Amino acid sequence: MSDGQSMRQAASWPAEIGQQHGARGPDQTAAVEAAALNKWFGSFHALKDINLAVPQGGRIVICGPSGSGKSTLIRCVNGLEPFQSGTVRIGGVDLTRDQKQLQKIRRSVGMVFQQFNLFPHLTVMANCTLALRRVLGKSRTEAADIAAHYLERVRIPEQAHKYPAQLSGGQQQRVAIARALCMNPKIMLFDEPTSSLDPEMVKEVLDVMIDLAADGMTMLCVTHEMGFAREAADQVVFMDQGSIVETASPATFFAAPSQERTRLFLDKMLR
Amino acid sequence: MNFDFAFAASTVPTILGVIGTTIGVAVLSCAGASILGFSFEIARRAGSVPGYLMRFAIDFIRSTPVLAWLYFLYFVLPHWGVTLPALVVGILGLSIYFSGYLAEVFKAGIDAIPKGQAEAAKALGLNRIDVVSFVLAPQMLRNVAAPVGNHFVSILKATPYLAVIAVPEMLGSALDIASNTYRYAEPLTVVGIVFLVLALAIAQGVNMLERKLLGPTNR
Ligand SMILES: Nc1ncnc2c1ncn2[C@@H]1O[C@H](COP(=O)(O)OP(=O)(O)OP(=O)(O)O)[C@@H](O)[C@H]1O
Ligand SMILES: [Mg+2]
């Protein structure tokens with residue numbers, strides 16, 4: 001896709017993030033790195049000693065049974081969920097609980113939710129331009145141009161003036177992806193982006209995600225769409241009961257998983 | 001006693017003469033009750049006031065009669081050196097009494113916003129103030145507009161209580177005419193009709209507002 005080029009070129013870490021990893025070039029810095037990450041909800045141990053590195057341009061699919069901690073993990077990555085021990089680094093910068101720092105880091109981390117979470121009181125265009133204007137300080141016309149570009153990319157340029165409730169689920173999710181892309185993120189997080197869609201709309205969203213992957217976007221994606229994992233992922237992470245049980249290439253993961261728990265899960269998923 | 005239409009018509013200017021006070025008091029009381037109710041709810045959410053205390057305060061406010069508040073503010077406060085004009089007492093009393101209801105309205109209006117809204121806004125890098133002002137507040141206002149409108153009608157219908165502290169409002173002026181002329185039916189009918197028309201008009205407005213809010217911009 002030709003306009004993917006411009007998207008990648010424009011993507012760059014904020015200067016202050018680039019400076020923090022000294023001698024190493026940004027290419028060696030993992031886009032996301034969780035180390036010894038532990039998270040409790042009260043006394044419930046939701047994430048157990050998670051170690052995960054997403055290299056720049058990496059496309060990682062996380063799967064696992066319900067309640068295994070997939071959402072919790074992905075939400076720790078952009079600071080939506082605080083954690084008790086361990087570190088999460090985004091482009092080499094440690095996440096702290098400092099709001100200003102979190103806000104800065106979130107600009108370079110796009111997130112797409114299962115429930116879309118579009119702002120229902122704003123048009124598609126306004127959904128896309130809100131952060132451009134409020135966070136990046138773009139002018140109205142500049143923001144509109146950027147939004148139009150990404151709406152085009154997710155193949156719904158003609159819906160810009162509509163409200164979310166006037167769109168189908170698949171269209172809403174594509175707007176949500178465009179809204180996140182508008183901020184020119186370095187990483188995209190997806191939390192079961194197709195799970196609340198009617199079957200006939202799953203493909204249109206997956207197609208957009210596959211395009212993104214092909215353009216070199218770094219992606220961390222919770223999904224049970226095994227077709228997507230096969231086609232677009234370079235690593236599949238299997239989680240169970242708060243732990244990462246197995247990490248493998250899609251080919252190995254599906255054909256020859258090393259862990260019994262993975263096999264059981266796949267049996268149920270692919271049955 | 002016959003209903004004298006000519007006499008009824010003659011009372012209209014006097015009664016409508018204070019309609020401004022009635023509406024003004026209702027508007028200001030509704031604003032006051034909204035501000036108070038909203039503050040109660042925010043204080044409760046922020047955890048600065050424990051939930052059970054807030055629950056008690058709201059229940060207390062709602063279970064005391066409006067008249068008790070008006071008498072208290074008008075006759076008891078002066079003993080403690082606080083003497084307020086009748087109009088201020090009226091607005092304050094209605095604001096306090098209805099704040100208990102409006103706190104509930106704001107609670108429901110905020111609860112109805114899915115958690116994902118604030119999360120999506122934060123994930124885009126918006127700061128807290130922008131999350132509230134561009135994402136949460138507009139949705140809350142949309143959620144509370146119709147119920148606040150309905151409470152406005154209730155507040156309007158409670159304005160006659162202010163007659164007891166001699167605020168010139170519509171029912172009071174009708175009663176004045178009645179006691180001066182010994183004719184009750186005409187002025188009271190007129191005041192009843194005026195309230196009816198007002199309430200219907202507002203309810204109609206709220207309806208239209210609600211329909212507009214339930215339009216395409218709603219989820
Ligand atoms: N806010 C919370 N408070 C308490 N427990 C929570 C909270 N959020 C999640 N949990 C618990 O943490 C565990 C992991 O939840 P999480 O949502 O991360 O699972 P998941 O793998 O995303 O599951 P699903 O496939 O159903 O989305 C679950 O047992 C859940 O009940
Ligand atoms: Mg989940």
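The text that follows walks through the structure, step by step, so that each part is easy to find. (Residues numbered from 1 in each chain as written. Chains lettered and ligands numbered in written order. Predicted model: local features only at pLDDT ≥ 70, side-chain atom pairs only at ≥ 80, totals over all residues. Heavy atoms only, no water.)

### Quick word on the packing of helix α1 (residues 5-17) of chain B against helix α8 (residues 170-181) of chain B
Residue and element names in this part refer to chain B. What counts, and what does not: Axis definition: a line fit to C-alpha positions, over the contact stretch in the case of helices; interaxial angles, taken between N-to-C directions, run 0 to 180 degrees. Note on conventions: DSSP H or I runs of at least 4 residues are helices, E runs of at least 2 residues are strands, and numbering of each starts at the N terminus. Here is the rule for angles: anything less than 35 degrees is roughly parallel, anything more than 145 is roughly antiparallel, 65 through 115 is roughly perpendicular, and the remaining ranges are oblique. Put simply, a crossing is left-handed when the front helix is turned counterclockwise from the back one by less than a right angle, and right-handed when it is turned clockwise. In what follows, residue pairs with any heavy atoms lying within 4.5 Å of each other are defined as contacts. All amino acids are sorted into three groups, where Ala, Val, Leu, Ile, Met, Phe, Trp, Tyr, Cys and Pro are nonpolar, Asp, Glu, Lys and Arg are charged, and the leftover types, Gly among them, are polar.
Running from N to C, α1 and α8 cross one another at 135°; their axes reach a closest spacing of 10 Å. In terms of their interaxial angle, α1 and α8 are classed as oblique. Crossing hand, α1 versus α8: right-handed. Along the contact surface, α1 presents F7, T11, T14 and I15, while α8 presents M170, S173, A174, I177 and T181. Residues belonging to the contact of α1 with α8 are distributed by class as follows: five nonpolar, four polar and no charged.

### A look at the packing of aromatic side chains
Two numbers describe a pair of aromatic rings. These are the distance of the centres and the angle of the planes. Condition: Classification of ring pairs uses Phe, Tyr and Trp, with its six-membered ring standing for Trp, and accepts pairs whose centres are within 6.5 Å; under 30 degrees between planes counts as stacked, over 60 as edge-to-face, and the remaining range as tilted. Think of it in three bands: residues with accessible area under 20% of the maximum for their type are buried, residues over 50% are exposed, and the middle band is partly exposed, with areas taken using a 1.4 Å probe on protein chains only. As a reminder, the over-ring test applies to NZ of lysine and CZ of arginine, requiring each to be within 6 Å of the ring centre and within 35 degrees of the ring normal.
Counted by the stated rule, this structure contains twelve aromatic pairs over all chains. With a centroid separation of 5.3 Å and 90° between ring planes, the pair formed by F253 of chain A and F254 of chain A is classed as edge-to-face. Assessed through its relative accessible area of 13%, F254 of chain A is described here as buried. Consider the rings of Y71 of chain B and F75 of chain B, whose centres lie 5.6 Å apart with planes at 25°: the pair is stacked. With Y71 of chain B and F75 of chain B both in helix α4 (residues 66-76) and four residues apart, this pair spans about one turn of that helix. Of the residues examined, F75 of chain B reaches a relative accessible area of 43% and is grouped as partly exposed. Cluster of aromatic residues (ring-pair linked, three or more members): F56, F60 and W69 of chain B. Seen from the ring of Y101 of chain B, R62 of chain B lies directly overhead, with NZ or CZ sitting 5.0 Å from the centre.

### Observations regarding helix α8 (residues 199-214) of chain A
Residues and elements named next belong to chain A. Operational definition: The span one expects for a helix is its residue count, reduced by one, times 1.5 Å.
Spanning 16 residues, α8 covers 23 Å between terminal C-alpha atoms, matching the ideal 22 Å at 1.5 Å per step. Of all the residues in α8, the buried ones are M201, V202, V205, L206, V208, M209, I210, D211, L212 and A213. The first or second residue beyond α8 is G216, which carries a positive phi of 95°.

### Notes on the site of ligand 1
Residue and element names in this part refer to chain A. Inclusion rule: Residues are classed as near a molecule or strand on a simple rule: at least one heavy atom within 4 Å of it. Each polar contact in these results corresponds to two N or O atoms within 3.5 Å; when the atoms are within protein, one needs to be able to donate a hydrogen and the other to accept it, and residues that are neighboring in sequence are counted only if both atoms are side-chain atoms. A 1.4 Å probe and the Shrake-Rupley method give the accessible areas. Residues count as covered only by the protein chains that appear here.
The local shell around ligand 1 consists of F41, F44, P65, S66, G67, S68, G69, K70, S71, T72 and E192. The separation between an oxygen atom of ligand 1 and a polar main-chain atom of G69 is 3.0 Å. Contact between ligand 1 and T72: an oxygen atom at 2.4 Å from a side-chain N or O atom of the residue. Burial of ligand 1 by the protein chains amounts to 59% of its free accessible area of 630 Å². Among the residues forming the shell around ligand 1, the class breakdown is three nonpolar, six polar and two charged.

### A look at the pairing of strand β7 (residues 187-191) of chain A
Residues and elements named next belong to chain A. Selection criterion: Any two strands are treated as partners once DSSP identifies two or more bridges connecting them. Look down the strands so they point away from you; if the path from the first strand over the helix to the second goes clockwise, the crossover is right-handed.
Burial analysis of β7 places five of its five residues in the buried class, the great majority of the element. Judged by which residues are buried, β7 turns out to be covered on both faces: I187, L189 and D191 on one side and M188 and F190 on the other are all buried. One ladder, built from four bridges, connects strand β6 (residues 109-112) with β7; its direction is parallel. Note on β7: the bridge partner recorded for M111 is L189. Two strands pair when backbone bridges link them, and β7 and strand β8 (residues 218-222) are joined in this way by five bridges, in the parallel orientation. Bridge pairing in β8 links L189 to L220. Between the parallel elements β7 and β8, the chain passes through α8 in a crossover that is right-handed.

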